[in-house]
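So you can see what is in the structure, the chains are spelled out below.
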Amino acid sequence: MSKSRKEKAVCIIPFYNEEKTLENTIRVAVESEEFSAVVLVDDGSKDESCKVAESYSNNVILIRNKTNAGKGQSMINGYKAVRSTLDFDRVMFLDSDLVGFEEWHIGEMLYEMDQGYGMVLGHYDWKSNREYVDSVGMYLFCTLWFPIVKQFTGERCLRKEIMDRCIEEYSDLFQNYGAEIVMNEVCKKMKLSMKYVELDGFYALSKQKKIGFWEGTEKNLKMFAEIIKKRVKLIK
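Residues numbered from 1 in each chain as written. Predicted model: local features only at pLDDT ≥ 70, side-chain atom pairs only at ≥ 80, totals over all residues. Heavy atoms only, no water.

**Comments concerning the nonpolar core**
Phase 1 of the analysis: With 33 residues, the main nonpolar core has Val91, Phe93, Leu158, Met163, Phe174, Val182 and Met183 as its most contacted residues.
Phase 2 of the analysis: Mapped onto this core, the elements with two or more residues apiece are strand E1 (9-15), strand E2 (38-42), helix H3 (71-83), strand E4 (90-93), strand E6 (119-124), helix H6 (160-170), helix H7 (179-189) and helix H9 (213-235).
Phase 3 of the analysis: The biggest single contributor to this core is H7, with 6 residues.
Phase 4 of the analysis: Setting aside chain neighbours within four positions, we find Leu158 in contact with Asp89, Arg90, Val91, Phe93, Met113, Gly118, Met119, Met163 and Met183. (Core = buried A, V, L, I, M, F, W, Y, C linked by side-chain atoms within 4.5 Å. Buried < 20%, exposed > 50% of the residue type's maximum accessible area, 1.4 Å probe, protein only. Helix = DSSP H or I, 4+ residues; strand = E, 2+ residues; numbered from the N terminus. Contact = heavy atoms within 4.5 Å.)

**Re the pairing of E6**
Phase 1 of the analysis: Buried residues dominate E6, accounting for 6 of its 6 residues.
Phase 2 of the analysis: Side chains Met119, Leu121 and His123 project from E6 onto one buried face, and the interleaved Val120, Gly122 and Tyr124 project onto a second face that is buried too.
Phase 3 of the analysis: Inspection of the sheet shows E6 paired to strand E7 (residues 156-159) by 3 bridges, in the antiparallel sense. Pairing of Val120 across the sheet is with Cys157, part of E7.
Phase 4 of the analysis: With 6 bridges joining them, E6 and strand E8 (residues 194-199) adopt parallel strand pairing. Across the sheet, the residue bridging to Met119 is Met194, located in E8. (Pairing = 2+ DSSP bridges.)

**Description of the sheet that holds E7**
Phase 1 of the analysis: Ordered in space as E3-E2-E1-E4-E7-E6-E8, the 7 strands form an open sheet in which the pairing is mixed. The open sheet has two free edges, formed respectively by strand E3 (60-64) and E8, since each of these has just one partner strand. If you compare each strand with its neighbour and ignore which way they point, the axes differ by 20° on average.
Phase 2 of the analysis: Where E1 and E2 come together, 5 bridges link them in parallel fashion. Residue Ile13 lies in a different strand from E2, and its bridge partner there is Leu40. (Axes fitted to C-alpha atoms, helices over the stretch in contact; angles between N-to-C directions.)

**Digging into the pairing of E4**
Phase 1 of the analysis: Neither face of E4 is left uncovered, since the one carrying Arg90 and Met92 and the one carrying Val91 and Phe93 both have all their residues buried.
Phase 2 of the analysis: Strand direction decides the pairing type here: E4 and E7, joined by 4 bridges, are antiparallel. Along E7, the bridge assignment pairs Phe93 with Arg156.

**Description of the pattern of salt bridges**
Phase 1 of the analysis: Taken as a whole, this structure holds 14 salt bridges when the rule is applied.
Phase 2 of the analysis: Across the pair Arg27 and Glu31 runs a salt bridge whose closest N-O atoms are separated by 3.5 Å. Here the residue Arg27 and the residue Glu31 both occupy positions in helix H1 (residues 22-31), the gap between them amounting to 4 residues, near one helical turn.
Phase 3 of the analysis: Residue Arg27 is classed as partly exposed on the basis of its relative accessible area of 28%.
Phase 4 of the analysis: The class of Glu31 is partly exposed, set by a relative accessible area of 44%.
Phase 5 of the analysis: Between Asp95 and Lys71 there is a salt bridge, with its nearest N and O atoms 2.8 Å apart. Here Asp95 is found in the loop between E4 and strand E5 (98-99), whereas its partner Lys71 is found in helix H3, with 24 residues between them in sequence.
Phase 6 of the analysis: Of the residues examined, Asp95 reaches a relative accessible area of 16% and is grouped as buried. (Salt bridge = Lys/Arg side-chain N within 4 Å of Asp/Glu carboxyl O.)

**So, the packing of H3 against H7**
Phase 1 of the analysis: Where H3 contacts H7, the axes come no closer than 9 Å and their chain directions differ by 60°. With respect to each other, H3 and H7 are oriented oblique. On the side of H3, the interface is formed by Lys71, Gly72 and Met75, while H7 contributes Ala179, Glu180 and Met183.
Phase 2 of the analysis: For the contact of H3 with H7, the per-class residue count stands at 3 nonpolar, 1 polar and 2 charged. (Parallel < 35°, antiparallel > 145°, perpendicular 65-115°, else oblique. Nonpolar A, V, L, I, M, F, W, Y, C, P; charged D, E, K, R; others polar.)

**Description of the packing of aromatic side chains**
The description of an aromatic ring pair uses the distance of the two centres, along with the angle that the planes make with each other.
Phase 1 of the analysis: Scanning all chains against the criterion turns up 2 aromatic pairs.
Phase 2 of the analysis: Ring geometry for Tyr79 against Phe88: centres 6.0 Å apart, planes inclined by 85°, an arrangement best described as edge-to-face.
Phase 3 of the analysis: Relative to Phe202, the ring of Phe101 lies with its centre 5.2 Å away and its plane at 75°, an arrangement referred to as edge-to-face. Pair noted here: Phe101 is in the loop between E5 and helix H4 (103-114) and Phe202 is in the loop between E8 and strand E9 (203-204), with a separation of 101 residues, a long-range link.
Phase 4 of the analysis: We classify Phe101 as buried; its relative accessible area is 2%.
Phase 5 of the analysis: Residue class for Phe202 comes out buried when judged on its relative accessible area of 1%.
Phase 6 of the analysis: Just above the ring of Tyr196 sits the side chain of Lys150; from NZ or CZ to the centre is 5.4 Å.
Phase 7 of the analysis: Stacked on the ring of Phe88, the Lys or Arg Lys160 has its end atom at 4.5 Å from the ring centre. (Phe/Tyr/Trp six-rings, centres within 6.5 Å; stacked < 30°, edge-to-face > 60°. Lys NZ or Arg CZ within 6 Å of the ring centre and 35° of its normal.)

The following block contains the structure:
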């Protein structure tokens, strides 16, 4: 933990079949020395992701889900594993498919938390990243989609009490694609401030990059439909 931080934090990284990108995210989180612990949650990976996670032991806790429970449940499992055993005030979640992610990105989010925000959401600048936007299709997709999707960024830091309330009151909505929208709405309900921070130089691999443009776009639209349904339930 940085000596300049008044409050302690843990980092939780859920992953599923991300052997190509997972190592960098873990390494950056561990070497930042900002966390009381880095919690890795394997959601039933079938590739070599777990072996990558096992190669880290210093200040790292590895949890394995018995089945593929989904990202939301993996986040809950990781949090519950340390909620009562470690002393911390904040929790940072990071995706496992990040490219170009660096220690300063973590420091920037924690710095903003130091300013008194209840939650900080870190998102990347897609317009300046030619590797991410490498076609007209991706440019049009990002132009329409990104102003909306940045609300659901996986790179975020929040106060522990927000996560506690998410689990206690909205664990059913936290599943699958509901985790980020639940955290956003709970933060608002608790009247805590939230800040978006643009972080240059990194991006998360899109579904289009992983499985193809049209199939990835279809999955994103289904994800957005589920998010809308869950948001409606939250604001009732």
